[in-house]
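Summary of structural features
Residue strings, one per chain:
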Amino acid sequence: MSGVQMITVSEDDSGQRIDRWLRRLFPHVNQGRIEKMCRKGELRLDGGRVKANSRVEAGQVVRVPPLPASDLKPAAPREARVSEADAKMIRGCVIYKDDAVIAINKPAGLAVQGGSGTSRHVDGLAEALKFDLDEKPRLVHRLDKDTSGVLIMARTRLAAQALTAAFRHHATRKIYWALVAGVPTPYLGEVKCGLVKAPGHGRSGEGEKMIAVHLDDVNSTPGAKRSHTQYATLYRVASRASWVAMEPITGRTHQLRAHMAEIGHPIAGDGKYGGSGQENQGDGWGAQIGGVISKKLHLHCRRMAFEHPVTKKHVSITAELPEHMKASWDTFGWSEDLAAEDPFESLR
C-alpha cells in the first residue's frame, strides 16, 4: 500500500473533474472507491473536501490517500476490448476529424457512456478512434441513448477543456430534427418551463423522467431548473404528424422530449413521454404514428456549430438521418434537402 501522495495539477489537466483526473493517473481505482474517498474526506483539493464532480485547476494540490498496491498497477491495454466489428462500425460513424476535434454520427440505441448493465458505449469504443494519437478522444457532451446525430469529442486535453467550457456556457448551437405527433402551432414558437426530475428513479439517467412545472413555480420547486427550446414546424402530414426542427437554448435532461410532450406533440417513438402503447389517431397525441412508421425514437441531432478550440474558426457539422428516420421521411415524401440549414435565422 502506498502512502499519502500530494500531486500538483498540471496546466494540461486544468478543468477536469477530479474523479476523471484520478482515474487517469490510477486506472484501477473504480468510481465507487473514489466517491467513498470524497465522502470520508480522504481525497482533498488544496486542503478542502471535494465531490467526485469537483473540477481541478492548474497549480492546485490534490491529496491522494494511501492506495492498495493493486490500484497502482498500470492499466492493461484497452484496445483489445473493442472488437474488430465494433471498431469498423464506430470508425464508419466519423463525419469530421482534425488534430483537435473528432465528430461522429452517433447511431440510435448506442449509449454515450457506460452505466448499470451498459457495457457497449461510445466512451469505450473511442479506443478505436485514436488514429494517430496516443490517447482516445474525450467526451465533452452527451446525447440520450436513443437519440442519434452529431456527437463531438476532443482529441487533446486542451481541446477538451475549451469545448467543455463552450458547452457549459451555451456557446455552441445545436439543431435537432424530430418527427412529432400532430402539428405544433404556432408553426414557429418556443417552450419555456421548469423541469424537475420525477422521484423514484436511479442515478444512471436511463430511468429518469422529467416533469414540467410552470415558470412561476420554479423557485418554489426543489430541484427544478428553467428550460427553453425554440421549435419550427417544417412540414406536416395533414394533422397526423410533423417534421419539426428544435434548438435547445438550455441543456436539461430529456429537455426536447419533455417539451414537445408538454405542448401536446410528443416525439414519435417516445414511450417515456408519449405513451408506449398509445397510437396517434389523428388527434395529435400518441407517440406511435402507426402503419409502417418505426416505433424507434425519431429524434436526431442534425447540426452542431461551434468555435474551433484551436483555430477559433467557425465549424458547422451536419449528420445524415438514421435509417429508421430516413424510412419515415421517404414514407411522407420528404427529403433532407427540403429544410433550411438554419430554420431559426429569422429569430437571431
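Rules behind the numbers
Residues numbered from 1 in each chain as written. Predicted model: local features only at pLDDT ≥ 70, side-chain atom pairs only at ≥ 80, totals over all residues. Heavy atoms only, no water. Helix = DSSP H or I, 4+ residues; strand = E, 2+ residues; numbered from the N terminus. Buried < 20%, exposed > 50% of the residue type's maximum accessible area, 1.4 Å probe, protein only. Contact = heavy atoms within 4.5 Å. Areas by Shrake-Rupley, 256 points an atom, 1.4 Å probe, with all protein chains shown as cover. Pairing = 2+ DSSP bridges. Core = buried A, V, L, I, M, F, W, Y, C linked by side-chain atoms within 4.5 Å. Domains from an automatic or database assignment. Axes fitted to C-alpha atoms, helices over the stretch in contact; angles between N-to-C directions. Parallel < 35°, antiparallel > 145°, perpendicular 65-115°, else oblique. Left-handed = near helix turned anticlockwise from the far one by under 90°.

**Section: the overall build of the protein chain**
The secondary structure content of the protein chain amounts to 8 helices and 15 strands. Burial analysis of the protein chain (348 residues in total) assigns 49% to the buried set. Long-range pairs, those at least 24 residues apart, make up 64% of the contacts in the protein chain with a sequence separation of at least 6. Accessible surface, the protein chain as shown: approximately 17100 Å² in total, 49% of it carbon and sulfur.

**A look at the pairing of strand E13 (residues 241-248)**
For E13, the tally of buried residues reaches 8 of 8 residues, placing the bulk of the element in the interior. Of the two faces of E13, the one carrying Ala-241, Trp-243, Ala-245 and Glu-247 and the one carrying Ser-242, Val-244, Met-246 and Pro-248 are both buried. One ladder, built from 6 bridges, connects strand E9 (residues 173-181) with E13; its direction is antiparallel. Bridging across to E13, Trp-177 finds its partner in Ala-245. In this sheet, E13 lies alongside strand E12 (residues 225-237) in antiparallel orientation, the contact comprising 8 bridges.

**Here we look at the nonpolar core**
Note that soluble globular proteins tend to have their nonpolar side chains buried in a common cluster. Residues Ile-104, Ile-152, Met-153, Met-246, Ile-267, Leu-299 and Phe-306 are the most contacted members of the largest nonpolar core, which totals 46 residues. The residues that make up this core include at least three from each of domain 2 (84-168) and domain 3 (175-347). With residues near it in sequence (within four places) discarded, Leu-299 still touches Asp-146, Thr-147, Ser-148, Tyr-176, Trp-177, Ala-178, Met-246, Leu-256, Arg-257, Ile-267 and Met-325.

**Quick word on helix H6 (residues 255-262)**
For H6, a buried count of 7 out of 8 residues is recorded, marking the element as mostly surrounded by other parts of the structure. Restricting attention to buried positions, one finds in H6 the residues Gln-255, Leu-256, Arg-257, Ala-258, His-259, Met-260 and Ala-261. On its buried face, H6 sits against E9, strand E10 (188-197), E12, E13, helix H7 (271-274) and strand E14 (299-307).

**Things to note about the packing of helix H1 (residues 18-25) against helix H2 (residues 31-40)**
Packed helix pairs are specified by the crossing angle of their axes together with the interaxial distance, meaning the distance between the axes. Look at H1 against H2: their axes get within 11 Å of each other, and the N-to-C directions meet at 125 degrees. Considering the angle they form, H1 stands oblique to H2. Where H1 crosses over H2, the handedness of that crossing is right-handed. Between H1, through Asp-19, Leu-22 and Arg-23, and H2, the contact on the second element is made entirely by Gln-31, Ile-34 and Met-37.

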